[in-house]
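What the coordinates show
Listed below, chain by chain, are the residues.
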Amino acid sequence: MKILTGGMAYKKNVDDMRESPSLVLTELLGEISALVDYHDTFVPVLPHTRRHAQLAGRESIALTAESIGWL
């Protein structure tokens with residue numbers, strides 16, 4: 001299963017990642033073997049966090065017809 005989430009920041013129009021529920025969601029989906037990508041213009045690369053260190057370095061993908069499954 002492949003999933004694209006829209007936004008990783010804690011709230012819209014900011015780059016604040018503190019306690020973002022999107023990090024928890026990404027981890028939970030990964031636990032059921034989902035391939036999770038994200039798009040967020042404010043967070044181009046996920047920073048290292050204490051609780052979600054395994055997500056560090058993931059990069060935001062571009063919104064294209066292919067990435068959103070319109071092909």
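Structure shown above.
Below is a short write-up of the structure. (Residues numbered from 1 in each chain as written. Predicted model: local features only at pLDDT ≥ 70, side-chain atom pairs only at ≥ 80, totals over all residues. Heavy atoms only, no water.)

Examining unusual backbone geometry
A positive phi angle, near 65 degrees, is found at Asn13, a position not held by glycine. Mapped onto the secondary structure, Asn13 falls in the loop between β1 (2-6) and α1 (21-31). The phi torsion at Ser33 lies on the positive side, around 70 degrees, for a residue other than glycine. Its location among the elements puts Ser33 in the loop between α1 and β2 (35-39). Among the residues examined, Ser33 registers a relative accessible area of 58% and is labelled exposed. (Helix = DSSP H or I, 4+ residues; strand = E, 2+ residues; numbered from the N terminus. Buried < 20%, exposed > 50% of the residue type's maximum accessible area, 1.4 Å probe, protein only.)

Some details on the pairing of β2
Looking along a regular strand, one sees side chains alternate from face to face of the sheet. Of the two faces of β2, only one is covered, namely that formed by Val36 and Tyr38; the face formed by Leu35, Asp37 and His39 stays uncovered. Of the strand pairs in this sheet, β1 and β2 are connected by 5 bridges, and their pairing is parallel. Looking at β2, one finds that Ile3 is bridged to Val36. At this point the chain moves from β1, through α1, to the parallel β2, and the crossover so formed is right-handed. (Pairing = 2+ DSSP bridges. Right-handed = clockwise from strand over helix to strand, strands pointing away.)

Everything listed is a geometric property; what it means functionally is a separate question.
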